[in-house]
Amino acid sequence: MATLAPGVKTGPYHAVLDHIHPEPTSFIRKYIFSIDHKIIGIQYMITAGLFFIIAGLLAEIIRTQLLSPTGAVVSAATFNQIYSMHGTTMVWFVVIPLLTGAFGNFVMPLQIGARDVAFPWLNLVSYWIFPVAGVLLFSSFLIGAPDAGWTEYPPISLQGPPGTSMWCIAVFLVGISSTLTGINFTVTILKMRAPGMTFTRMPLFVWAQFATSPMLLIATTALNGALAALFLERQFGIPFYNPAHGGSPVLWQHMFWFYSHPAVYIMILPAFGFISEILSTFSRKPVFGYKMIAFSTVAIALLSFAVWAHHMFTSGMVPWLQLPFMIITMFIAIPTGIKIFSWMATLWGGSIRWTTAMLFATGFLITFTFGGLTGFFLAAVPADYHEHGSYFVVAHLHYVLFGGSMMGLFAAIYYWFPKMCGRMMSEKLGLWHFWLVFIGFNGTFIPLHWLGLLGMPRRVAIYDPQYQFWNVVASSFSYIMTFAILLMFINILVSLRSGKKSGPNPWGARTLEWMISSPPPYYNFKKIPAVLATPYDFGNPLPYIGLDAAPGATEATPTHTSHPVPTY
Amino acid sequence: MPFREDQLAQRVVKPKTNLGPGFWPITALIVVVSAVMVYLVETSPLPIGLVQAGGPADSVDALFRFLGATGAVIFNVVTIYTIYFAIVFRAPKGAPPNSIGVQIHDAPVLEFWWTAIPTILVVILSIYSVKIWADLQNTAGDVLTVEAIGYQFGFQFRYPKLTTPTSELHLPVGTPTTIHVTSRSTDVIHGFWIPEFRQKADMVPGLVNTIRITPTRIGTYRIICSEFCGVAHGGMKGTLIVQSQQDFDKWFAQQGGQHAGGGGGIPLSAGTVSAGQALFGQKCSVCHSVGPFSQKIVGPGLGQIFNDPAHPKLVDGAAPTPQDAAKIIHDGYSGDIGTMPSAQVNGLSNPDIANLVAYLASLSKK
Ligand SMILES: [Cu+2]
Ligand SMILES: [Cu+2]
């Protein structure tokens with residue numbers, strides 16, 4: 001074991017971690033039922049990528065339908081199923097799994113210098129629930145998919161097609177999957193950081209996962225409770241929500257949003273983490289205000305539990321209760337603002353390399369800020385009375401979810417692809433992808449703001465003719481966006497086969513995952529390195545000792561033989 | 001060779017250069033662009049491009065202006081600086097691969113300000129929103145109360161004095177109106193959205209939500225369902241017709257009601273003469289004497305309003321009953337003589353009106 005510098009604390013784990021399990025050799029244990037966090041991360045990525053394609057196509061059916069005020073392609077009943085499935089898929093089967101399941105799994109253990117997550121078998125279970133839930137969800141199309149939006153408010157969802165019950169089960173299952181992931185990551189980050197990696201030396205993506213994981217745990221519980229009740233009421237008539245039988249429809253809304261507002265941050269905090277990493281790497285500067293960014297991440301996570309009723313200003317609650325929810329919501333802008341300004345300051349004075357990942361991260365700054373500002377419009381109760389349930393909300397949520405989470409994810413894909421696959425993605429195609437997405441996205445969603453303000457409600461299969469022009473504009477740009485995303489998939493497929501070999505650290509980045517080969521070896525680190533400082537000081541030598549490549553590092557050999565190597 | 005932690009103590013490299021080439025001109029650009037945008041937003045009469053058909057659309061639009069102006073400034077600051085940094089600080093062509101940026105970690109003063117200024121903004125915005133919110137809750141001066149009921153897939157309305165519900169919502173212009181919205185008890189949730197008034201409430205079975213508006217602009221407006229309610233949700237619309245009191249009364253009579261809107265709804269029995277006399281001295285005696293009709297100041301004398309043989313009808317042509325007098329006092333009236341201000345202008349509540357009518361009745365008895 002390498003000697004640590006004075007002052008570096010070693011936990012009891014350091015010794016425990018230093019043993020290595022042998023790598024499984026059978027295909028099934030290696031690639032299907034793997035317990036390797038990297039493989040599981042990639043499995044999540046592929047599965048969620050497939051769901052993303054489906055949900056994206058559903059989105060294009062929506063936009064095509066809205067080319068005409070009377071509905072251009074499908075019946076209203078089908079349309080309702082399509083937009084409900086689009087929302088459900090994007091939230092629970094694409095964005096959350098990509099941010100936590102895929103990137104959380106692949107990157108986070110590497111960044112903390114661990115050999116895997118704390119509970120690898122639990123991780124396997126988390127993953128395998130997810131495609132099963134997905135198959136359930138999509139097979140609901142066969143019996144009539146849910147049609148009341150991703151929010152499925154009762155009583156209408158009580159009358160919904162039979163698939164609505166399938167929807168309950170599917171979302172319940174992904175809920176369990178994310179809860180398990182939440183437990184796993186929380187413990188991993190608390191217990192398995194490399195020696196010397198104190199909280200204030202963790203990479204900011206780890207901070208983001210550290211704030212997100214307990215949220216997954218706490219918030220999802222409320223959702224699953226609500227889903228179970230909805231299922232029971234639908235199948236067995238036990239009255240929870242139906243007012244005609246003494247239930248309360250607003251109860252669902254409280255439970256649902258008690259989950260779904262934190263979920264909004266589950267869907268953005270990890271993206272914030274991407275942005276911190278990527279802006280720092282390509283500006284070749286320390287992240288500006290590291291501690292403030294870390295602190296504001298946690299502040300946002302905490303505050304996010306006290307704002308859910310801002311989705312319910314028109315639902316009917318004691319009027320004065322609207323005020324605390326409004327005010328706390330507005331206060332979330334402060335930690336968010338701190339982040340935005342810190343990122344801008346990270347760009348300042350940089351030696352910026354304009355890679356595709358960097359472009360997406362910078363584009364994120366602009367689109368996400370815009371989405372954050374329209375959030376103010378929705379938080380202000382009197383203005384929300386006008387905007388609630390209109391296309392303004394649709395525009396806002398796509399600005400934060402696409403302009404925020406998805407832009408962050410695109411950046412992350414370009415950034416970590418070389419680490420995952422050992423090959424570079426095409427920067428040329430990447431540029432096309434970025435600019436077309438940026439133009440297509442803004443062109444699609446800007447007009448929806450004023451359509452909403454002018455009185456177009458959301459979730460409509462037909463609409464008043466005076467709204468047609470801007471709907472046609474939005475739809476046209478959406479085709480550009482879809483085409484651009486297609487380019488990304490092409491880029492991935494082509495690069496997988498014929499991308500330039502990347503080597504361990506193509507970007508000159510400094511977090512731990514870049515210190516090992518690409519793709520990383522089965523056990524990530526032959527020696528667990530010790531960490532001496534935050535990773536971001538480009539002016540200093542690397543703050544790690546005991547890395548494999550470092551002089552004096554001795555190779556560990558598989559020593560742990562208490563588990564027999566599986567032979568299937 | 002392992003290096004020691006103390007060698008890694010964070011060195012703050014002071015930027016040697018100024019803030020960057022062209023930093024101040026760009027800042028000036030941000031200021032100018034923001035000022036222009038704020039000016040345009042703040043002076044636009046209809047910031048969201050939708051007519052105002054009555055209160056509280058004007059207050060909500062004021063909030064929209066404020067939000068729009070603040071948002072524009074913040075967006076300009078973020079976007080323009082970001083693009084500027086992106087261009088100015090790009091690594092020059094042929095820069096060595098290990099060239100690095102300014103190694104700066106923190107700037108506490110800067111960070112203080114970019115925490116403090118947004119905090120102040122958020123506080124101002126919260127206070128402003130609470131103020132407008134409080135205006136919307138204000139119930140004083142409500143005259144007409146209507147119930148709006150949603151069902152799959154339409155709206156219907158109940159007026160206090162009509163036995164059958166109506167399919168359109170008619171409101172007399174200038175009348176502060178309370179709309180209680182709900183849904184049929186066995187139905188689903190609908191939304192009641194009147195965009196020209198910037199108001200909306202969900203129609204939840206078993207729950208009554210309240211909207212308060214004062215129509216000020218005669219016309220026909222949309223009522224839109226804003227909560228998904230089933231297959232025909234997109235087509236679920238209603239009509240709100242704001243009309244003059246006369247037209248409203250006519251329509252109301254056709255629906256089978258007797259004289260309803262305006263003062264028609266004010267209970268008069270509880271009025272007391274002494275309170276009425278005091279109010280009359282404060283609010284009415286500038287324009288009205290207590291002599292006969294002909295003894296005019298600005299308006300006619302009111303001393304014999306209910307039993308003046310020379311004037312068997314009120315100025316609006318109605319019979320001289322306490323209810324009709326109350327209606328004039330409530331709604332105001334513009335006729336040959338001049339303009340009688342409405343109760344809103346005079347700051348009268350319904351009990352005030354009852355007291356005044358009681359006082360006028362006591363005069364007429366003498
Ligand atoms: Cu929320
Ligand atoms: Cu509806």
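Parameters at a glance
Residues numbered from 1 in each chain as written. Chains lettered and ligands numbered in written order. Predicted model: local features only at pLDDT ≥ 70, side-chain atom pairs only at ≥ 80, totals over all residues. Heavy atoms only, no water. Helix = DSSP H or I, 4+ residues; strand = E, 2+ residues; numbered from the N terminus. Rg over C-alpha atoms; globule rule 2.2 N^0.38 Å. Buried < 20%, exposed > 50% of the residue type's maximum accessible area, 1.4 Å probe, protein only. Contact = heavy atoms within 4.5 Å. Areas by Shrake-Rupley, 256 points an atom, 1.4 Å probe, with all protein chains shown as cover. Lys, Arg positive; Asp, Glu negative; His and termini not counted. Charge placed at Lys NZ, Arg CZ, Asp CG, Glu CD. Expected span 1.5 Å × (residues − 1). Donors = N, O, S within 2.8 Å, 3.2 Å for Na, K, Ca; no water. Tetrahedral: all angles 85-135°; square planar, octahedral: opposite > 155°, others 65-115°. Salt bridge = Lys/Arg side-chain N within 4 Å of Asp/Glu carboxyl O. Core = buried A, V, L, I, M, F, W, Y, C linked by side-chain atoms within 4.5 Å. Buried area = accessible area lost by both parts, 1.4 Å probe. Polar contact = N/O pair within 3.5 Å; in protein donor to acceptor, adjacent residues only side chain to side chain. Patch = residues over 30% accessible without salt bridge, like charges linked within 9 Å, V, L, I, M, F, W, Y side chains within 5 Å.

A. A look at the overall build of chain B. Summing up its helical and strand segments, chain B has eight helices and 12 strands in all. In summary, chain B has a C-alpha radius of gyration of 31 Å against a globular reference of 21 Å for 366 residues, an excess of more than 25%. Based on the C-alpha atoms only, the size of chain B along its principal axes is roughly 110 × 55 × 35 Å. Within the span of chain B, comprising 366 residues, buried residues form 50% of the whole.

B. Seen up close, the overall build of chain A. Helix and strand counts for chain A stand at 18 helices and two strands. Over its C-alpha trace chain A gives a radius of gyration of 24 Å, about what one expects of a compact globule, namely 24 Å for 568 residues. Dimensions of chain A, computed from C-alpha atoms along their principal axes, come out at roughly 75 × 55 × 50 Å. Counted over contacts in chain A with a minimum sequence separation of 6, partners at least 24 positions apart contribute 82%. When the accessible surface of chain A is split by element, carbon and sulfur atoms take 74% of a total near 17900 Å². Across chain A, the mean location of the 26 positive side-chain charges is 10 Å away from that of the 17 negative side-chain charges.

C. Layout of helix H11 (residues 290-303) of chain A. Between its first and last C-alpha atoms H11 of chain A spans 20 Å; for 14 residues at 1.5 Å apiece the expected length is 20 Å, and the two agree. Along H11 of chain A, the residues that are buried comprise Tyr-290, Ile-293, Ala-294, Ser-296, Thr-297, Ala-299, Ile-300 and Ala-301 of chain A.

D. Fine view of the coordination of the copper ion (ligand 2). Residues and elements named next belong to chain B. Those donors, Cys-225 (SG), Glu-227 (O), Cys-229 (SG) and His-233 (ND1), are the protein atoms that reach the copper ion (ligand 2), and they lie 2.1 to 2.7 Å from it. For the copper ion (ligand 2), the four donor atoms are set out with angles of 81 to 129° between them, so the coordination reads as irregular. As a motif over one chain, the donors of the copper ion (ligand 2) read C-x1-E-x1-C-x3-H.

E. Seen up close, the coordination of the copper ion (ligand 1). All names here are of chain A. Within the protein, the copper ion (ligand 1) binds to His-261 (ND1), His-310 (NE2) and His-311 (NE2); these donor distances fall in the range 1.6 to 2.0 Å. All donors of the copper ion (ligand 1) belong to a single chain; written as a sequence motif, their spacing is H-x48-H-H. Note that His-261 is positioned in helix H9 (residues 249-266) and His-311 in the loop between H11 and helix H12 (322-331), a separation of 50 residues in sequence. One exposure class covers both His-261 and His-311, and it is buried.

F. Representation of unusual backbone geometry in the model. All names here are of chain A. Residue Pro-155 is reached from Pro-154 by a cis peptide bond, and omega for that bond is 5°. Here Pro-155 is to be found in the loop between helix H5 (120-143) and helix H6 (156-159). For Glu-152, which is not glycine, the phi torsion reads 40° and is therefore positive. Note that Glu-152 resides in the loop between H5 and H6. Positive phi, close to 50°, is recorded for Arg-284, a residue that is not glycine.

G. Region of the structure containing the pattern of salt bridges. Applying the stated criterion across every chain, the model contains seven salt bridges over all chains. Notably, a salt bridge pairs Lys-38 of chain A with Asp-36 of chain A, separated by 3.2 Å at the nearest N-O pair. Like Lys-38 of chain A, the residue Asp-36 of chain A is buried in the burial classification. For Asp-464 of chain A, the salt bridge identified is with Lys-237 of chain B, shortest N-O distance 2.9 Å. Of this pair, Asp-464 of chain A sits in the loop between helix H17 (427-453) and helix H18 (468-498) while Lys-237 of chain B is found in strand S10 (residues 237-243), placing the two residues in two different chains. Look at Lys-237 of chain B and you get partly exposed, because its relative accessible area is 36%.

H. Inspection of the nonpolar core at higher detail. Counting 248 residues, the largest nonpolar core has Trp-92, Phe-103 and Phe-274 of chain A together with Leu-169 and Phe-192 of chain B as the members making the most contacts within it. At 21 residues, helix H16 (residues 391-421) of chain A tops the list of elements feeding residues into this core. In this view, Trp-92 of chain A contacts Pro-97, Phe-130, Trp-150, Trp-167, Val-171, Val-174, Leu-223, Phe-256 and Tyr-259 of chain A; residues no more than four positions away in its chain are not counted. Membership of the second largest hydrophobic core comes to 23 residues, among which are Phe-306, Leu-348, Ala-354 and Tyr-359 of chain B.

I. Spotlight on the interface of chain B and chain A. The interface is formed by 89 residues belonging to chain B together with 100 residues belonging to chain A. Summed over both sides, the interface between chain B and chain A buries roughly 7600 Å², with carbon and sulfur atoms accounting for 69% of that surface. Taken together, the links from chain B to chain A amount to one salt bridge. Where chain B touches chain A, the interface holds 26 residue pairs in polar contact (both at pLDDT 80 or more). Only helix H2 (57-88), helix H3 (108-137), strand S7 (199-203) and strand S9 (219-224) of chain B provide two or more residues apiece to the side of chain B that touches chain A.

J. View of a nonpolar patch on the surface. Residue and element names in this part refer to chain A. Residues Phe-27, Ile-28, Tyr-31 and Phe-33 make up a contiguous nonpolar surface patch of about 400 Å² in total accessible area. Relative to the helices and strands, Ile-28 resides in helix H2 (residues 27-32). You can call Ile-28 partly exposed: its relative accessible area is 39%.

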